[in-house]
Amino acid sequence: MPSTFTHEFNTPAFKGKVSFNTGLFINGQFLDGSDNTTIDVINPTNGKVITSVSEGTPKDVDLAVDAAQTAFDTTWGLRAPGAQRSILMSKLVALMEKNADELAALEALDNGKTFNWARNVDVVGSIDCIRYYAGWADKITGQVQETTEDKLTYSRHEPIGVVGQIIPWNFPLLMMTWKIGPALACGNTVVLKPSEFTPLTAIRMCHLINEAGFPPGVVNVVTGYGNTVGNAISSHMKIEKVAFTGSTLVGRKIMEAAAKSNLKNVTLELGGKSPNIIFDDADIEQAVNWAAFGVFWNHGQICTAGSRIFVQEGIYDEFFKRFMEKTRSLKVGDPFAPDTFQGPQVSEIQFNRIMSYIESGKAAGAKVEIGGERHGSEGYFIKPTIFTNVDPSMKIVQEEIFGPVCVVIKFKDEEDVIKQANDTSYGLAAAVFTQNLNRAIDTAHRLKAGTAWINCFNSFNSNVPFGGFKQSGIGRECGDYALTNYTSVKAVHVNLGHRM
């Protein structure tokens, strides 16, 4: 019998008790894994165990796929009209709103992000995403194509069937909704693997999915490790589509597994090394505030992090002075404290990875202007770090660090900075700060990135497509663009009079 996680929150930000089953969620039930093993969930503020959750295996993925296929064939897919799917998704929205504080507290507990950011961004965005796709569920349509008078031709956008989804640890709840939202709206059933570091909100969502009245097997969540559960999903012969958010390295493995198995449809949202270009005519105060938010928000654990900050020489000194002041003002500490901006990194593994990049920068000759070391003596906290005196060959300039670390680079002219900005294997996002509208739009168009922000950073909307160029991914999340990932187009030809 799976264990029950019970926790009493008594913090300045949230007070309340949570209690829920932590088993695998298969066919509407919470189950032990096939091997009866568990995974410890660690509190990143102190390295101590929060609770244990059931560990899934490839056999459990098989069970989840069978449940999902049965649901698709009997109670979901083409058996559930879009209006019915929309009603259930709207019920889930209402339950998420009712439990919003609890969901935010769970995000803060196992991820380390601040409760305030989780509540006001992650949870709000997750609710908005499910609500948006609930509105699409009865609007998935095909077309009638004009051919001849003795023939009717039309297209249908049919649900694919059982889809596999693998989500990361940096935005656990938000990434879950970005995945299941369009999948459910289109009529697919889901087998999802959350990160083993941050499974709590995904498991809690399963209880809400049951409470909303979704048929058993429509959504299945198998907690486990990437090399077992993740590999089983990406190589499963009965899963027709896989969606993944995470590192480019793992994305390659998933694409390879999909190709070697049943050539399943793949969408990937991968890494980034986003440039943030600040021109002489920028509003310096706003540029500083957005630059700090762009790289240090969510502890730098965001694929779009503006970790390469290019500042034009005319305002470089003033910008840098203010940017240092802003960085010093960011409080690192308890995620549940109301004035904390940055909590701990998600895990010891990630902490060590970031620190190794910092040491690499130092060894290569880059100058640490601020930070560059751990914060405190307990947990996985790292001080916000700014490097200068860098060159394009350095690892800290080229590789995704996924932590609160940035480089600040002075530039002279527009052509040079665009060349530097595009000198990366990634192409997820970019930003430009200027008061000149023509320059802003021209620069945004020339940057090789799937998202370009003008005078802002890390601004997302459920109805706006998100995804990358180059090695930052394949396909798009959000908006109606995401719906194309979860339907198969069928052409139907009806003979109305042609005789042989």
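Just so you know, these numbers come straight off a predicted model, no measurement behind them.

Participant: What should I look at first to understand the packing of aromatic side chains in this one?
Facilitator: Aromatic ring pairs are reported here in terms of the distance separating the ring centres and the angle at which the planes meet. Per the counting criterion, the structure on display carries 25 aromatic pairs. Ring centres 6.4 Å apart and planes at 65° place the aromatic pair Trp178 and Phe460 in the edge-to-face group. Here Trp178, found in helix 5 (residues 172-185), pairs with Phe460, found in the loop between strand 20 (451-454) and strand 21 (473-474); they are 282 residues apart in sequence, far enough to count as distant. Note on Trp178: relative accessible area 6%, which makes it buried. Between Phe293 and Trp297 the ring centres are 4.9 Å apart and the planes differ by 25°, which places this aromatic pair in the stacked class. The pair Phe293 / Trp297 is uniform in exposure class, with both members buried. A cation over an aromatic ring shows up here: Lys241 above the ring of Tyr486, its NZ or CZ 5.3 Å from the ring centre. Here the guanidinium or amino end of Arg439 rests over the ring plane of Phe279, the centre of that ring lying 4.3 Å away.

Participant: I tried to follow a nonpolar patch on the surface on my own but got confused; where do I start?
Facilitator: Nonpolar side chains collect at one region of the surface, where Val144, Leu152 and Leu496 lie side by side and expose about 280 Å² of accessible area between them. The residue Leu152 is located in strand 8 (residues 151-159) in this model. Under the relative-accessibility criterion, Leu152 is labelled partly exposed at 32%.

Participant: When you look at the environment of Ala291 in this model, what are you seeing that I'm missing?
Facilitator: In this structure, Ala291 sits in helix 9 (residues 284-296). Taking the C-alpha atoms as reference, Ala291 lies 8.0 Å from Phe323; in sequence the two are 32 residues apart. Ignoring anything within four residues of it in the chain, the contact list for Ala291 reads Asn276, Ile309, Phe319 and Phe323.

Participant: Just checking my understanding: could you explain the sheet that holds strand 22 (residues 487-495) for this structure?
Facilitator: Backbone-to-backbone hydrogen bonds pair the strands of a sheet. The strands run either parallel or antiparallel. Pairing within the open sheet is antiparallel, and its three strands lie in the order 7-8-22. Both outer strands of the open sheet, strand 7 (144-145) and strand 22, are each paired with one neighbouring strand and no more. Bridge count for strand 8 against strand 22 is nine bridges, and the pairing is antiparallel. If you follow Lys151 over to strand 22, its bridge partner there is Asn495.

Participant: Explain the environment of Val390 to me, please; I cannot follow it from the model alone.
Facilitator: You can see Val390 is positioned in the loop between strand 17 (385-388) and helix 12 (395-398). Distance from Val390 to Gly473, taken between C-alpha atoms, is 27 Å for residues 83 residues apart in sequence.

Participant: Explain the nonpolar core here, please?
Facilitator: The nonpolar side chains of soluble globular proteins are, as a tendency, buried together. Phe214 and Phe323 are the most contacted members of the largest nonpolar core, which totals 109 residues. Counting residues per element, this core draws most heavily on helix 5, at nine residues. Core analysis: the second largest hydrophobic core is formed by 27 residues, Met355, Tyr380, Met394 and Val407 among them.

Participant: How do you make sense of the pattern of salt bridges when you look at a structure like this?
Facilitator: Here the idea is simple: oppositely charged side chains can pair when their charged atoms come close. Here the structure, examined in full by the defined rule, presents 20 salt bridges. One salt bridge in this structure joins Arg119 and Asp101, with 2.7 Å as the shortest N-O distance. Taken together, the residues Arg119 in helix 4 (residues 115-136) and Asp101 in helix 3 (residues 100-111) connect sequence positions 18 residues apart. A relative accessible area of 25% places Arg119 in the partly exposed class. For Lys113, the salt bridge goes to Asp122, with nearest N and O atoms at 2.4 Å. Residue Lys113 is classed as buried on the basis of its relative accessible area of 1%. When salt bridges with common partners are traced through the structure, they connect Arg156, Glu158 and Lys490 into a single cluster.

Participant: What should I look at first to understand the sheet that holds strand 20 in this one?
Facilitator: Pairing within the open sheet is mixed, and its seven strands lie in the order 16-17-18-15-14-19-20. Only two strands of the sheet have a single neighbouring strand rather than two, namely strand 16 (367-370) and strand 20. Between one strand axis and the next, the sheet turns through 25° on average, direction left out of account. Along the sheet, helix 13 (residues 414-421) makes contact with strand 14 (275-278), strand 15 (308-312) and strand 18 (405-411), crossing strand 15 at roughly 175°.

Participant: Would you mind showing me how to read the pairing of strand 8 here?
Facilitator: Regular strands have side chains that alternate between both faces of the sheet. In the sheet, strand 7 pairs with strand 8 via two bridges, with the strands oriented antiparallel. Bridge pairing in strand 8 links Gln145 to Thr153. Hairpin connection of strand 7 to strand 8: five residues between the antiparallel strands.

Participant: Would you explain the pairing of strand 12 (residues 241-245) in this entry?
Facilitator: Burial runs high along strand 12: five of the five residues are buried. By the alternation rule, side chains of strand 12 split into Lys241, Ala243 and Thr245 and Val242 and Phe244, which are all buried. Where strand 9 (residues 162-166) and strand 12 come together, four bridges link them in parallel fashion. Across the sheet, the residue bridging to Gly164 is Val242, located in strand 12. After leaving strand 12, the chain enters helix 8 (residues 248-260) and then returns to the sheet as strand 13 (residues 265-269), a path that is right-handed.

The rules we used
- Residues numbered from 1 in each chain as written.
- Predicted model: local features only at pLDDT ≥ 70, side-chain atom pairs only at ≥ 80, totals over all residues.
- Heavy atoms only, no water.
- Phe/Tyr/Trp six-rings, centres within 6.5 Å; stacked < 30°, edge-to-face > 60°.
- Helix = DSSP H or I, 4+ residues; strand = E, 2+ residues; numbered from the N terminus.
- Buried < 20%, exposed > 50% of the residue type's maximum accessible area, 1.4 Å probe, protein only.
- Lys NZ or Arg CZ within 6 Å of the ring centre and 35° of its normal.
- Patch = residues over 30% accessible without salt bridge, like charges linked within 9 Å, V, L, I, M, F, W, Y side chains within 5 Å.
- Areas by Shrake-Rupley, 256 points an atom, 1.4 Å probe, with all protein chains shown as cover.
- Salt bridge = Lys/Arg side-chain N within 4 Å of Asp/Glu carboxyl O.
- Contact = heavy atoms within 4.5 Å.
- Pairing = 2+ DSSP bridges.
- Core = buried A, V, L, I, M, F, W, Y, C linked by side-chain atoms within 4.5 Å.
- Axes fitted to C-alpha atoms, helices over the stretch in contact; angles between N-to-C directions.
- Right-handed = clockwise from strand over helix to strand, strands pointing away.

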